[in-house]
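Each chain, written out:
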Amino acid sequence: MRAKERFVHLGRTRFVFPLVSLLLLAPCYWQPRLQAGDLSSHINNSWLAQLLESGRPEGLTIVNQTTNILFDLILGGLFRLVGAEAAQRIGVSLAVLIFTWGAFAFIGAVGGRRPWHLLPCLAMLAYGWVFHMGFFNFYLSLGLCFWGMALVWDMKPRRILVALPIFLLAYVAHALPVLWTSGLLIYVGVARKMKPFHRALLTASFVIVLITIHSIAARVMYVRWSPVQITLSTGLDQVWVFDTKYYVVLMGLLVVWALMFLGLVRLWGPRQVVGSVPFQLCILSAAAVLILPDTVLIPGFINALGYIAERMSLGVAVCVCAMLGTVQPKLLERWALVAVAAVFFCFVYVDERALNSFEDRMEYVVSQLAPAHRAVTAAPPASRRGTPIQPCGQERPASPSGSIPPARHTST
C-alpha cells in the first residue's frame, strides 16, 4: 500500500478523530496558565455569579440577557463542579474542538471530501488572534455556525430543521456570527439557481447592501471604521498573534494559499473558479470585513461592540479554506502547510512561556507587598498586536453575573 493510500485509509478510521483531537488540544495544556486575554474576565464573572447566588455581595444583581453568554454559562457550570483552573482548561478545550471540527465539517461539505490536508491551517486559525484575545463567546458561536452551515449546505429541509437549534445555540453565544452566517446562507440559496454572470450581479448587490448598512449605521449610532480594515480582509491576520516575527508565518501561509489557488485555477479554469459559490463567499466575507464598521455603539448599551473586522476575518479565513478544499493539493503544498504550522506553534509556545514567566514574577512581587499596596506594570511594547496583559476595553458587555468585566488583566 502506497503512502497516499495509507493516509486515505487512516482518514477513514474511527480512531483518527479522537487522536487528532488530543493533538489539537495540546496548546491548552502545555503551559502553567492559559494565555487567552478575556478568559480572565470570564472566570472572574463565574466567581461573581457564585457569590451572587450565595447572597453574600450586596448591591449586585444578575442581569438576564439572551446573547454573549454561552461560554460564561459553560464556564460557570464547570467552575461549580471542578474549580477555576480545571474549568478554564475544559471550557477552552470544548470551544477549540467545536470550532475546529465545525470548520472541518463546513469545508468538507463545500468540497465534498474530508479536508485532512487543511487541518494544519485550521489548527493555526483555532489558536490565532481571536483565541489569544479571549473572545470565546464569539469563537464558540462561529464554530457552532460552521456546524450549522455544514448541515444546511445542500439546502435539504430536514437538515435545515436539524440546524436551527444549532444556530439558536450559536446566538446565545454571540449574535454576530449568526448574522454573518444568515447573510451567506441567503446568498447560497439564491446564487445556486443562477448562471455565473447573474451570480456576479447578485454579489455586487450584496456589496451595495453592505455599503447601505454602513451608511445607515453611521447616521443612527456611533461607529468607527478605518481603511486599515483592508489588511484584515484575507483572514491571514489571524496568524499574526503577537509581535512581528509572525510575519514569517503570515507570508508562508500566503504563499501556500496562492499555490493552492493557482492549482484550483489550472484545474477548473479562471472563469469557473471566479463564478463559483465558494469563491463568491470569500468575496462577500472579505467585503463585509472591509466595508462594515469595526466598532458600533448600539443605542441603549453602555459599551460598544468592537473588534468586528478583526473577529470576522476568522470567518474569511475559513471561507478561503473552504474554497481551496475543493481541490487536492500537491505533496509539496501539503508539507509546506505542515511546516508553516510547526513554525507558528513554536512561536506561540515561546511567547506563551514568556507571558507565564512574566506572571510568575508579578505574583512574586505582589506576594511581597504589604496590605493595601499595589504593583504597577509597564505598558506592553507597541510591536505586540495582541497580548493577554494589554487593556482592551472595546467590548465589555454585562456578563451573566450582572457585573461589567474589568479591563484585560493577567490570567488566573
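Residues numbered from 1 in each chain as written. Predicted model: local features only at pLDDT ≥ 70, side-chain atom pairs only at ≥ 80, totals over all residues. Heavy atoms only, no water.

Q: Explanation requested: the packing of aromatic side chains in the structure shown.
A: Geometrically, a pair of aromatic rings is defined through the distance of the ring centres and the angle of the planes. In the structure shown here, the tally under the stated rule is 29 aromatic pairs. Both rings, one in Phe71 and one in Phe136, keep their centres 5.0 Å apart while their planes meet at 25°; by these two values the pair is stacked. One end of the pair, Phe71, is in helix α4 (residues 70-82); the other, Phe136, is in helix α8 (residues 136-152), with 65 residues separating them in the sequence. The pair formed by Phe71 and Phe136 is uniform in burial state, with each residue classed as buried. (Phe/Tyr/Trp six-rings, centres within 6.5 Å; stacked < 30°, edge-to-face > 60°. Helix = DSSP H or I, 4+ residues; strand = E, 2+ residues; numbered from the N terminus. Buried < 20%, exposed > 50% of the residue type's maximum accessible area, 1.4 Å probe, protein only.)

Q: Just to check I follow, could you spell out the nonpolar core for this structure?
A: Where a protein is soluble and globular, its nonpolar side chains tend to be buried together. One finds Phe106, Met124, Tyr139 and Phe344 to be the most contacted residues of the largest nonpolar core, which totals 114 residues. Apart from residues lying up to four places away in sequence, Met124 is in contact with Val239, Val249, Leu253, Leu337, Val340, Ala341, Phe344 and Phe345. (Core = buried A, V, L, I, M, F, W, Y, C linked by side-chain atoms within 4.5 Å. Contact = heavy atoms within 4.5 Å.)

Q: For this particular structure, what's the right way to read the pattern of salt bridges?
A: A pair can form between side chains of opposite charge whenever their charged atoms are brought close. By the definition in use, this model includes eight salt bridges. In this structure, the salt-bridge partner of Glu359 is Arg33, at a minimum N-O distance of 3.3 Å. Taken together, the residues Glu359 in helix α16 (residues 331-367) and Arg33 in the loop between α2 (16-24) and α3 (39-54) connect sequence positions 326 residues apart. Accessibility expressed as a relative area gives 3% for Glu359, which makes it buried. (Salt bridge = Lys/Arg side-chain N within 4 Å of Asp/Glu carboxyl O.)

Q: Where do I start with α3 in this structure?
A: An α-helical turn contains 3.6 residues, so any two residues separated by three or four positions project in the same direction. Along its 16 residues, α3 runs 23 Å from first to last C-alpha, staying within 8% of the 22 Å computed at 1.5 Å per residue. Turning to α3, its buried residues are Leu39, Ser40, Ser41, His42, Ile43, Asn45, Ser46, Leu48, Ala49, Leu51 and Leu52. Elements in contact with the buried residues of α3: α4, α5 (84-111) and α8. (Expected span 1.5 Å × (residues − 1).)

Q: Sorry, what's going on with the packing of helix α14 (residues 277-291) against helix α15 (residues 308-324) here?
A: Helix-helix packing: each pair is described by the crossing angle between the helix axes and the interaxial distance. Close contact between α14 and α15 brings their axes to 9 Å; oriented N to C, the two are set at 170°. One way to sum up the angle between α14 and α15 is to call them roughly antiparallel. On α15, the residues touching Pro278, Phe279, Cys282, Ser285, Ala286 and Val289 of α14 are Ala309, Met312, Ser313, Val316, Cys319, Val320 and Met323. Its residues assigned to classes, the contact of α14 with α15 shows 11 nonpolar, two polar and no charged. (Axes fitted to C-alpha atoms, helices over the stretch in contact; angles between N-to-C directions. Parallel < 35°, antiparallel > 145°, perpendicular 65-115°, else oblique. Nonpolar A, V, L, I, M, F, W, Y, C, P; charged D, E, K, R; others polar.)

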